[in-house]
Amino acid sequence: DIEEFRKAGYATVDFICQYYQQIREFPVQSTVNPGDVTQTIPIEPPQDGDSWDVILKDIERIVLPGITHWQHPNFYAFFPANASFPAMLGDMISAGLGVQGMLWVIQSSSTSHPNRSQVQHVP
């Protein structure tokens, strides 16, 4: 259902914005012990899928405590370039279009321009 997807998309963007607004409140590194995350996940998958709101609450409750927060201002190791807001929007568009940028014949729009500076124009 496209309207359900739209609603979940807005909720996800709101979730990410809230995460960045409160990122300083998280410890930089995971606070869980080995096996803690596994213990919070049911052994059997649910018979029916959860609502997106429930899934986002699970991410907040289960996933966030178990990750290193790379964008935290006190994280001084690697500096990933894929977590900027423009990069996130680009990832959304790429995923939404199902882009598989492997070969020119598959996705000429996503594979042509990296070589643009190397193209020699013949008069």
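All figures in this text were calculated on a predicted structure; none of them were measured in a lab. Along each chain, residue indices are assigned from 1 in the same order as the chain's sequence is written. For a predicted model such as this one, the threshold for reporting local features is a pLDDT of at least 70, and the threshold for listing and counting side-chain atom pairs is 80 or more; totals across whole chains, interfaces and linings nevertheless cover every residue. To get the side-chain values, all heavy atoms of the structure are used, and hydrogens and water are removed first.

## A short note on the overall build of the protein chain
Looking only at helices and strands, the protein chain features 5 helices and 0 strands. Elements are defined by DSSP. Helices are runs of H or I of four residues or more, strands are runs of E of two residues or more, and each kind is numbered from the N terminus. Ordered by position from the N terminus, the helices and strands of the protein chain form the series α-α-α-α-α. We call a residue buried when its accessible area falls under 20% of the maximum for its residue type, exposed when it is over 50%, and partly exposed in between, using a 1.4 Å probe and counting protein chains only. For the protein chain, the proportion of its 123 residues judged to be buried stands at 13%. In the protein chain, the share of contacts with a sequence separation of at least 24, taken over all contacts with a separation of at least 6, comes to 66%. Only carbon and sulfur atoms are counted for the fraction: they give 59% of the accessible area of the protein chain, which is about 10,400 Å². Residues count as neighbours in contact if any of their non-hydrogen atoms are within 4.5 Å of one another. Only the protein chains shown count as cover for residues, and all accessible areas are computed by the Shrake-Rupley method using a 1.4 Å probe.

## With respect to the packing of helix 1 (residues 2-21) against helix 3 (residues 52-63)
Helix axes are fitted to C-alpha atoms over the stretch in contact, other axes to C-alpha atoms as well, and angles between N-to-C directions run from 0 to 180 degrees. One can describe the packing of helix 1 onto helix 3 by two numbers: an axis separation of 10 Å at closest approach and a directional angle of 20 degrees. With respect to helix 3, the axis of helix 1 lies roughly parallel. The crossing of helix 1 and helix 3 is right-handed. Residues Ala8, Ala11, Thr12, Phe15 and Gln18 of helix 1 form the contact with helix 3, whose participating residues are Trp52, Leu56, Ile59 and Glu60. When the residues that make up the contact of helix 1 with helix 3 are grouped by side-chain class, the tally is 6 nonpolar, 2 polar and 1 charged. Throughout this description, any angle smaller than 35 degrees is read as roughly parallel, any larger than 145 degrees as roughly antiparallel, any in the 65 to 115 degree range as roughly perpendicular, and the remainder as oblique. Whether a crossing is left-handed or right-handed is set by the direction in which the near helix is turned from the far one by less than a right angle, anticlockwise for left-handed and clockwise for right-handed. Only Asp, Glu, Lys and Arg are considered charged, only Ala, Val, Leu, Ile, Met, Phe, Trp, Tyr, Cys and Pro nonpolar, and every remaining residue, Gly among them, polar.

## Describing the side chain of His69
Locating His69 in the fold gives a position in the loop between helix 3 and helix 4 (85-97). According to the relative accessible area criterion, His69 is buried, its value standing at 1%. Polar contacts, as counted here, are pairs of nitrogen or oxygen atoms within 3.5 Å of one another; within protein the pair requires one atom able to donate a hydrogen and one able to accept it, and residues that are adjacent in sequence qualify only if both atoms are side-chain atoms. Within the structure, His69 has its side chain in polar contact with the backbone oxygen of Leu64 (distance 3.1 Å). In this view, His69 contacts Tyr19, Phe26, Pro27, Val28, Leu64 and Phe75; residues no more than four positions away in its chain are not counted.

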